[in-house]
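# Descriptive structure summary
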Amino acid sequence: MKLSAALSVLCLACSASAFSPAALGGARTSSALFNNPGDFGTGPSLDYKGGTDPNDEKNYGRLRDKLQEADTERRKDREAAEARERAAEIKREERLKKIAYMNDMPDSQPAGTVDEFMFKEGVQDQLDKLDHDLVGLIPVKKRVKEIAALLVLDKMRRKLGFETAVPSLHMSFTGAPGTGKTTVAVRMGQILAKMGYSRRGHVVLATRDDLVGQYVGHTAPKTKEMIKKAMGGVLLVDEAYYLYNAANDRDYGQESIEILLNVMENNQDDLVVAVAGYKDRMDRFFSYIPGMMSRIGNHIDFPNYSADELVQIASVMARELEYDITGDAMPVFHRYIEERMKLPYFSNARTVRNAMDRARMNSAIRTFEKFAIQGENGGVCSVEDLKSIQAADFQVLLDDILNADVDKRIFA
């Protein structure tokens, strides 16, 4: 009993000492330590001064805006899926209608005559012009007529509802200079336009200088600009093998070729690409660029003209220029052509054109001396004098070859 009382008195004494002034002073000292803002707990290293990430505005945003953007994306995806479904359904319906139409159509259903399409579309007119303007080139004309026949029959099939697809119309023209490659390309462009396979039917002639740049970043704009000009017609790349330089891996022509290949694949319904050049060099070019070879469906080889055909070409040129070649002048010109064909740098119809220009000049000189200088007939010349090309006018060309030094004959 006495022991328990003593313990109670001791506990009361300890409790009282806890509230003594000394104890309270110690507690105030401890709290003052934590209340000093300069000691620890806060400071420059813990204060928020704002982020320095330039993408803060992209990384952070209001939740409402983010949810709205997500809803917009989902709505666009849903609308795109619905549009695809509608397009597929329309295509199925059209397919079923076509099948029903084909099943109900009798075998004797008239589609029109081939001649009707040939004349109505103006294709026959273009083929006639090709025969009229080009002498010889029988294999070339045959190939052009085959392509025209395919286009006509394809259009007749389309009229009856048959499945059709635009054939590969990209072309390769191989042959020596002056064999009519550009003329055939122009005629093909007009035929494609008449048949509805080309919007405009024009021909844009391009070389390496037109397609390939001289520094980095220059080639693509040049190539695309030429393609833009040719859209709706024919892009004729003359001497296309110069686009690729096998000896230089850094040549910019490769970039132009890649752009052309992409356009030939993706825009074949609005652009026909025709490449032209010597046959051996074109074959080597295709071996380097197999993608070009596989995209071209029509390869046309232009043979060299014979001497007789070149004389006929001279007659056509004279007719177009309203000149008359006398009968005794033709044998002289034929002999000139035979001698010129033995020399280097012969260019078929281009050589004939140059010869005709020189013959016209010789005729003008002869007529001027006769009437202006010598004063024959009082200086009055007739229409026949102004239109006539005589044997003497061609004899000057032949004498230049026969009498010139060996190393100068090519300039005759």
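A few points on the structure. (Residues numbered from 1 in each chain as written. Predicted model: local features only at pLDDT ≥ 70, side-chain atom pairs only at ≥ 80, totals over all residues. Heavy atoms only, no water.)

### Description of the packing of aromatic side chains
- As enumerated under the stated definition, the model contains six aromatic pairs in all.
- Between the aromatic rings of tyrosine 244 and tyrosine 288, the centroid separation amounts to 5.3 Å while the plane-to-plane angle is 35 degrees, which identifies the pairing as tilted. Taken together, the residues tyrosine 244 in the loop between strand E3 (234-238) and helix H11 (253-266) and tyrosine 288 in helix H12 (residues 279-288) connect sequence positions 44 residues apart.
- Consider the rings of phenylalanine 333 and phenylalanine 394, whose centres lie 4.8 Å apart with planes at 50 degrees: the pair is tilted. Remark: phenylalanine 394 occurs in helix H18 (residues 391-403) and phenylalanine 333 occurs in helix H15 (residues 329-341); sequence separation between them is 61 residues.
- Given a relative accessible area of 1%, phenylalanine 333 falls into the buried group. (Phe/Tyr/Trp six-rings, centres within 6.5 Å; stacked < 30°, edge-to-face > 60°. Helix = DSSP H or I, 4+ residues; strand = E, 2+ residues; numbered from the N terminus. Buried < 20%, exposed > 50% of the residue type's maximum accessible area, 1.4 Å probe, protein only.)

### Description of the packing of helix H6 (residues 123-133) against helix H8 (residues 181-194)
- Relative orientation of the contacting elements H6 and H8 amounts to 170 degrees, with a least axis distance of 9 Å. Our classification of the angle between H6 and H8 gives roughly antiparallel. Here Val123, Gln126, Leu127, Lys129, Leu130 and Asp133 of H6 lie close against H8, whose contacting residues are Val184, Arg187, Gln190, Ile191 and Lys194.
- Residues that form the contact of H6 with H8 fall into these classes: five nonpolar, two polar and four charged. (Axes fitted to C-alpha atoms, helices over the stretch in contact; angles between N-to-C directions. Parallel < 35°, antiparallel > 145°, perpendicular 65-115°, else oblique. Contact = heavy atoms within 4.5 Å. Nonpolar A, V, L, I, M, F, W, Y, C, P; charged D, E, K, R; others polar.)

### Overview of the sheet that holds E3
- With parallel pairing, five strands are arranged side by side in an open sheet as E2-E3-E4-E1-E5. Either end of the sheet is taken by a strand with one partner, and the two such strands are strand E2 (203-206) and strand E5 (298-302). Averaged over all pairs of adjacent strands, the angle between strand axes in this sheet comes to 20 degrees, irrespective of strand direction.
- Of the strand pairs in this sheet, E3 and strand E4 (residues 272-277) are connected by five bridges, and their pairing is parallel. Bridge pairing in E4 places valine 234 opposite valine 272. (Pairing = 2+ DSSP bridges.)

### Details of H15
- For H15, spanning 13 residues, the distance from its first C-alpha to its last is 19 Å, which sits close to the expected 18 Å at 1.5 Å a residue.
- Among the residues of H15, Ala329, Val332, Phe333, Tyr336, Ile337, Glu339 and Arg340 are the ones counted as buried. Viewed along the axis of H15, the buried residues span an arc of 165 degrees, placing them on a single side of the element.
- Residues of H15 that are buried sit in contact with helix H14 (307-320), strand E6 (324-325), helix H16 (349-373), strand E7 (388-389) and H18. (Expected span 1.5 Å × (residues − 1). Arc of directions from axis to C-beta.)

### Details of the packing of H14 against H15
- It is at 9 Å that the axes of H14 and H15 come closest, and there the two elements cross at 125 degrees. With respect to each other, H14 and H15 are oriented oblique. Seen along the crossing, H14 lies across H15 with a hand that is right-handed. Here Ala307, Asp308, Leu310, Val311, Ala314 and Ser315 of H14 lie close against H15, whose contacting residues are Met330, Phe333, His334, Ile337, Glu338 and Met341. (Left-handed = near helix turned anticlockwise from the far one by under 90°.)

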